[in-house]
Structure formats: structure tokens, C-alpha cells
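Geometric and topological summary
The lines below spell out each chain.
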Amino acid sequence: METSMQRYFVAAEQFSDNGIRLVGEDAHHAFRVMRTKPGDKFIVSDGQSRTALVAVIEASSTLVTAEIMEMLHADSEPGWAITIAQSLPKGDKMELVIQKGTEIGAYAFVPFQSERMVVQYDAKKEAKRIDRWSKIAKEAAEQAHRSRIPTLEAVHSWRELIQSIAAYDLVLFCYEREGHAAHGRGVRTAVQEWINSTDLIRAPKVLLIVGSEGGFTDREAAEAEAAGAVLVGLGRRILRTETAGIVGLTCLLYESGEMGGA
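Residues numbered from 1 in each chain as written. Predicted model: local features only at pLDDT ≥ 70, side-chain atom pairs only at ≥ 80, totals over all residues. Heavy atoms only, no water.

What follows deals with the sheet that holds strand S8 (residues 108-112). Sheet strands line up and pair through hydrogen bonds in the backbone, either parallel or antiparallel. Reading across the sheet, the 6 strands line up as S9-S8-S7-S11-S10-S12 and stay open at both edges, with parallel pairing between neighbours. Strands at the two margins of the open sheet, each flanked by one partner only, are strand S9 (151-152) and strand S12 (230-232). Taken together, the 4 bridges between strand S10 (residues 170-174) and strand S11 (residues 205-210) define a ladder with parallel strand orientation. Bridge assignment links leucine 172 to a residue of S11, and that residue is leucine 208. Sitting on the sheet, helix H2 (residues 93-104) touches strand S7 (81-87), S8 and S9, and the angle it makes with S8 is about 160 degrees. (Pairing = 2+ DSSP bridges. Helix = DSSP H or I, 4+ residues; strand = E, 2+ residues; numbered from the N terminus. Contact = heavy atoms within 4.5 Å. Axes fitted to C-alpha atoms, helices over the stretch in contact; angles between N-to-C directions.)

What follows is the structure, given as C-alpha cells:
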């Protein structure tokens, strides 16, 4: 039953012990698109700790109210909190990274600026794009039946990204030279070495750093490694920037046991 039901995320103030409220675009979608009427049921989450099966009391295009029928145990989140740091790509490629990354299980996204970035960074335009990216993450989380919406951070400078490395338990820096080197380190090797050298904690924080279309410079790789990142390859083939993060995320979730791996 639950797997086929429509799901919505609401702000904490819209989720109370007395029931829930859908407003704005969510109410419009429920009423106009899903043809929601009194008695219909769907699932609602506050994106943090509460998920419930609810039944509609009243419905209109501006407000849907529902009573809580049952509190549900949210178990759709991965055990590892994996953040994708993606150097800003051109066009709408970031939208694909966010949409698919959210579906697969990314915990957060950090767009950042790098030396070989193809696009020209414009803070005013990026603010509008982040609003759109946030909407894409919300819709993808609902579609994938996530219990939370991945965090989408503001665009980081290269220096800000490097300084953030210390906040993570494991940081993997996707570097094409590692994939081509005779003794290059892959994601699995890096993860296994890390697991064997540390007391694995619950919900470790992992950062996956992916370059833009032009890749990374040797200087950037050296700075990341000096800050604590592990340089890794994603195979002997050259992946598009919008593919690399998705592949890396999937590898990490497999190694965490999320997909039947180690």
C-alpha cells in the first residue's frame, strides 16, 4: 500500500499532532493533479524525524487538511551520509546530478567553483538556480520515497571546499589520473583501507568531490590530498561530469552494504 501512495514533504509547522496541512504547490498538485478528495490517503514527512499515513479531511487548490491515521517508521535512508561536492557544470547538468543523486540516496549536495570550470560563475543567477535545484531535490525525494530531502548548500569557493574537508570522516577526490594509473586507487580500495584503519562509526560522513567538464588541475589534486582527501579513480573510462558523481555515489552505497555489498 505505502509504496504506491503519493508522498509529500511539509514544513515542520505544517505537521502537528492534530494533523497536517498541504499549502502552495503541494496543495495544488494534490487537488488539481492527483484529484485528492476527502477520505483519500497519502504519506507525509517533515523531512526530519516524522512520517505519517494521513487521511484527507478537506481539499482545495490552496489548502489540503488531513488527519494522522498512523505514524510510520522511516527506514528509507542510507546508513552513510554521503555528500556530493560537484564543480559547477554547464547547462542543466547539475539538475541531473541532484535529481538522480537524490533518488539514489545522497545526503547533501555542495556546488563549488574549480579552476577548469567551463561556466562563468554569476552569484545572482546561481541564487535562482539553487531555488530550482531545491525544488528538484524535493520532487525527487518524494518520488523515491525518501524520508528526508537532501541538503543543498550555497556555492562554495575552492578554498571553502578545501576547508570543509576536515568535517568529514572520509573524503574521496575523483581524479581521472587514478583511473588510468597502473596502480591507481579505486573507490572500493579506498573504502576498504579506510574501514580497516578506523573504528567504523554509525552514519559516517562521507564527501565525494567531482570536477567539472575540464577535470581538476594537478594543483587542486595536491591541495585536496594535503587537506585529507583520498584520490580515487572511477575506472579506465572517461566519465562525463554529470555521470561521475552518480557512479561514485552508487559505489559508496554498495560498499556501505546499502545495496548488498560489504
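Read on, since the account is not over.
On to unusual backbone geometry. Backbone geometry at arginine 35 places phi at a positive 55 degrees, although glycine is not the residue there. By the element assignment, arginine 35 lies in the loop between helix H1 (24-33) and strand S4 (41-45). Even without being a glycine, histidine 145 presents a positive backbone phi close to 60 degrees. Counting through the fold element by element, histidine 145 comes out in the loop between helix H3 (123-143) and S9. Overall, the relative accessible area of 17% leaves histidine 145 in the buried class. (Buried < 20%, exposed > 50% of the residue type's maximum accessible area, 1.4 Å probe, protein only.)

It is worth spelling out empty space enclosed by the protein at this point. Across all of its chains, the model carries 1 cavity of 30 Å³ or more by this definition. Size it by volume and the largest cavity reaches roughly 60 Å³. Breaking the lining of the largest cavity down by element, the ones donating at least two residues are strand S1 (7-9), S4 and H3. Grouping the constituent residues of the lining of the largest cavity by class yields 5 nonpolar, 4 polar and 3 charged. (1 Å grid on protein atoms, 1.4 Å probe; cavity = no way out; pocket = protein on both sides within 12 Å on 5 of 7 lines; lining within 4 Å. Points joined across faces, edges and corners; volume = space filled by probe spheres on them. Nonpolar A, V, L, I, M, F, W, Y, C, P; charged D, E, K, R; others polar.)

Moving on, we come to the pattern of salt bridges. Under the criterion given, the structure shown has 14 salt bridges. With its nearest N and O atoms 2.5 Å apart, the salt bridge here joins arginine 219 to glutamate 115. With arginine 219 in helix H7 (residues 218-226) and glutamate 115 in the loop between S8 and H3, this pair connects stretches of sequence that are 104 residues apart. Classification of arginine 219 as partly exposed rests on a relative accessible area of 41%. In this structure glutamate 115 comes out as partly exposed when scored by relative accessible area, which is 47%. Salt bridges here are not isolated pairs; linked through shared partners, they connect Glu115, Arg159, Arg219 and Glu223. (Salt bridge = Lys/Arg side-chain N within 4 Å of Asp/Glu carboxyl O.)

With that out of the way, let us pick up the environment of cysteine 174. Residue placement: cysteine 174 occurs in strand S10. Residue class for cysteine 174 comes out buried when judged on its relative accessible area of 10%. Filtering out sequence-adjacent residues up to four positions away, cysteine 174 remains in contact with Leu208, Ile209, Val210, Phe216, Val232 and Leu234.

Our focus in this paragraph is the sheet that holds strand S6 (residues 63-71). Spatially, S1-S4-S5-S6-S3-S2 is the arrangement adopted by the 6 strands of the open sheet, whose pairing is mixed. What marks the edges here is a single partner per strand, and that holds for S1 and strand S2 (15-16). Judged from the 3 bridges that link them, S1 and S4 form a sheet pairing that is parallel. Looking across to S4, one finds that phenylalanine 9 is bridged to serine 45.

For a regular strand, the rule is simple: side chains alternate between the two faces of the sheet. Counting buried residues along S4, 4 of its 5 residues qualify, which places the element largely inside the surrounding structure. Strand direction decides the pairing type here: S4 and strand S5 (residues 51-59), joined by 5 bridges, are antiparallel. Looking at the pairing, valine 44 lines up with alanine 52 of S5.

Among the structural elements, glutamate 142 can be located in helix H3. Once you skip the residues sitting within four places of it in the chain, glutamate 142 turns out to touch Arg7, Tyr8, Phe9 and Asp26.

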